[in-house]
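# Coordinate analysis (summary)
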Amino acid sequence: MDIKIEDLSPIFCEVLENDDLLITESTVAADVPEWDSLNHIYLVVAIEKQFKVKFTTHQIQSWKCVGDILTDLNK
Amino acid sequence: MLFNSFQFFLFLPIVFVLYWFVFSKNKSTQNVFLLIASYVFYSFWDWRFSFLLAFSTILDFSTGLIIEKADSHLKKRRWMRFSILTNLGLLAYFKYTNFFIDSFIDLFNVIGIHSDPYTLNIILPVGISFYTFHGVSYVLDIYFGRIKPHQNIVDYSLFVSYFPLLVSGPIERATHLLPQIKEKREFGYVQGVEGLKLIIWGLFKKIVIADSLAPVVNEIFQNYQNHSSITLIIGVIGFAFQVYGDFSGYTDIARGVSKLLGIELILNFNFPYFSKSIPEFWSKWHISLSSWLNDYVFTPLALRFRNWGRQGVFMAVTLTFLISGFWHGAAWHFVIWGALHAIYYIPSIYSKKGLKSMVKKKVELISFTDLPKIIITFSFVCFGYVFFRADSLLIAFNYIEIIIIDFISNPAQLFLLPMGVKIVYFSAIFLILELLIFNYKLFSKKVFWLSLLLIEIQFCYDLFYSVDIPNTFIYFQF
């Protein structure tokens, strides 16, 4: 798969209910007020559904920034 | 050694002087000295448990290194599980053995098998709930690749056993505390003054607020059968202010002492009783525990249940609060207190406004339109406190029953406020003062000296009238 940041952006905007949200590969949860622990779960579910993948708990817990999600998606 | 004891008032200046004037040449000697001071501090309770603390420290430090070097994911996972199970096993043995024995005896009695009650005489090592959480989070963070293991055992041991936070937190994270321990500290005048202010304010909250409320609250809870509905309500509200004064006071002293040593500890309370919802309350009350539970209990559970939608989130929230209740005490009334807060969360989960980011830097400006929400949230919190403070589940239910029945038979009593009203009045003023002083930076010299004067007056009063001073902090038992 060749998934880019532009493919993830709409999912973040929808789940976090913020159309003006701009994410980059270095964006971390602390940068986005809406990205709390509950929305993090909803983000995982939405990404898995959109790209038809299943992450392991270890993968998800190891993510530090958006770039890490992209890396795991493109594996 | 308690923060409000004379021993500590001798211990702290000695540590301060030696730390800044004798061992200040390099950070390694400073850290070795602080580590020795921390073990001396801890040994004042029971020196034998220092070995347990050392064992737990060495276990987690070694496991961190082994996980990092392990060549397969399977080996990493095995070592992570070994460390976590050993830590939690020790916690379970010291804290929960008698609870499980009692519960099994009760269960056998219910099904008709009678056995002689036999419990072990197990002493709970002070601070075990707190330093276990330090170690567990350190190992998990290494396992998930969030941090690298620390190579220096002195620095790591200090992270676990640093005396200002050793017995009652705040529960620190390696990412916040270890970098400060690794760096050389310089004494700063401003930081020192802020530290002293926090110590004085913490002592004020503990000695003047919490310890003054304690006898009144204790009397109401011990003889709840003899009191009216309104007095029982005042008893719970009094306890709300007592537990806040006690625990946030303790945390302020811990943070103040640490500032004197050039190390910043995380904020643990952020005006929780001004919260407008239960999730907001939990983002402002015992923040270090809430965020720990959020990261190491709620998130893994919610991920596991993620395909069950909102029901999965509710399951994760419920289990997290049950664990939180059980962590607070090995008794069913604490578990029910946790369950109650899980129920309080339901509207937030289903409206998806729930678990906002855990730590907010500053309390928002409060308007009068927020007042109903603040009062409703505080009322829910107080209802939970009945279960938290009562000595057993049965007493908690009886307490609530009397509040309801007595109130229905005589609703006019709401307007006949008895002696306890001054507690509520006094405590509410104190909370507003605290908000003004700290949030709006109004901590002037006058406030400093006034607090000190009130602490002195309270001390003299207690000595003169031989008042039975509560000499410990509520959270030490957890």
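Higher on the page you've got the structure.
Below: a short report on this structure.

## Some points on the environment of V66 of chain A
Residue and element names in this part refer to chain A. Structurally, the position occupied by V66 is in helix 4 (residues 66-73). Judged by its relative accessible area of 0%, V66 falls in the buried class. C-alpha separation for the pair V66 and T24, spaced 42 residues apart in sequence, amounts to 6.9 Å. In contact with V66, not counting residues within four places along its chain, are I5, L8, F12, I23, T24, E25, T27 and W35.

## Side note on helix 13 (residues 310-328) of chain B
Over its 19 residues, helix 13 of chain B runs 27 Å from end to end, which matches the ideal 27 Å to within 8%, given 1.5 Å per residue. Along helix 13 of chain B, the residues classified as buried are G312, V313, A316, V317, T320, F321, S324, G325, W327 and H328 of chain B.

## Examining the state of the cysteines
Tallied over the entire structure, the rule returns zero disulfides over all chains. Not part of a disulfide, C65 of chain A finds its nearest cysteine sulfur in C13 of chain A, a span of 18 Å.

## As for the layout of surface pockets
There is about 1,000 Å³ of room inside the second largest pocket. In terms of lining, the second largest pocket is formed by 31 residues, of which the most central are I84, L88, L140, Y296 and P300 of chain B. Counting residues per element, the ones that place at least two in the lining of the second largest pocket are helix 3 (57-62) of chain A together with helix 4 (73-110), helix 5 (128-143), helix 12 (287-304) and helix 13 of chain B.

## Regarding the nonpolar core
Ranked by size, the top nonpolar core spans 150 residues in total, and within it L8 and F12 of chain A together with F163, Y273 and Y385 of chain B carry the most contacts. Residue contributions to this core peak at 14 residues, all from helix 10 (residues 229-260) of chain B. Counting residues domain by domain, this core receives three or more from each of domain 1 (6-186) and domain 2 (191-477) of chain B. Residues contacting L8 of chain A, with those up to four places away along its chain left out, are I23, I47, F51, V66, I69, L70 and L73 of chain A.

## Digging into the packing of helix 2 (residues 27-46) of chain B against helix 3 (residues 49-69) of chain B
All names here are of chain B. Direction vectors running N to C along helix 2 and helix 3 enclose 130°, while the axes themselves pass 8 Å from each other. Our classification of the angle between helix 2 and helix 3 gives oblique. Within the contact between the two elements, helix 2 uses Y39, Y42, S43 and D46 and helix 3 uses F49, S50, L53, A54 and T57. Its residues assigned to classes, the contact of helix 2 with helix 3 shows five nonpolar, three polar and one charged.

## Brief notes about the interface of chain A and chain B
In this complex, chain A contributes 20 residues to the contact, which on the side of chain B involves 22 residues. Across the interface of chain A and chain B, roughly 2,000 Å² is buried in total on both sides, 55% from carbon and sulfur atoms. The interface formed by chain A and chain B contains one salt bridge. For the salt bridge of R306 of chain B with E48 of chain A, the shortest nitrogen-to-oxygen distance reads 2.6 Å.

## Considerations on the packing of aromatic side chains
Overall, the coordinates contain 59 aromatic pairs over all chains when judged by the stated rule. Its guanidinium or amino end placed over the ring of W327 of chain B, K95 of chain B lies 5.0 Å from that ring's centre, counting from NZ or CZ.

## Details of unusual backbone geometry
What you tend to see is this: most non-glycine residues have negative phi, and most peptide bonds are trans. Residues and elements named next belong to chain B. Positive phi values are uncommon outside glycine, yet F271 reaches one of about 55°. When you line up the elements, F271 lands in the loop between helix 10 and helix 11 (278-282). You will see that H286, though not glycine, has its phi angle at about 45°, which is positive. Secondary-structure assignment places H286 in the loop between helix 11 and helix 12. Judged by its relative accessible area of 0%, H286 is buried.

What counts, and where the lines are drawn
- Residues numbered from 1 in each chain as written.
- Chains lettered and ligands numbered in written order.
- Predicted model: local features only at pLDDT ≥ 70, side-chain atom pairs only at ≥ 80, totals over all residues.
- Heavy atoms only, no water.
- Helix = DSSP H or I, 4+ residues; strand = E, 2+ residues; numbered from the N terminus.
- Buried < 20%, exposed > 50% of the residue type's maximum accessible area, 1.4 Å probe, protein only.
- Contact = heavy atoms within 4.5 Å.
- Expected span 1.5 Å × (residues − 1).
- Disulfide = S-S within 2.5 Å.
- 1 Å grid on protein atoms, 1.4 Å probe; cavity = no way out; pocket = protein on both sides within 12 Å on 5 of 7 lines; lining within 4 Å.
- Points joined across faces, edges and corners; volume = space filled by probe spheres on them.
- Core = buried A, V, L, I, M, F, W, Y, C linked by side-chain atoms within 4.5 Å.
- Domains from an automatic or database assignment.
- Axes fitted to C-alpha atoms, helices over the stretch in contact; angles between N-to-C directions.
- Parallel < 35°, antiparallel > 145°, perpendicular 65-115°, else oblique.
- Nonpolar A, V, L, I, M, F, W, Y, C, P; charged D, E, K, R; others polar.
- Buried area = accessible area lost by both parts, 1.4 Å probe.
- Salt bridge = Lys/Arg side-chain N within 4 Å of Asp/Glu carboxyl O.
- Phe/Tyr/Trp six-rings, centres within 6.5 Å; stacked < 30°, edge-to-face > 60°.
- Lys NZ or Arg CZ within 6 Å of the ring centre and 35° of its normal.

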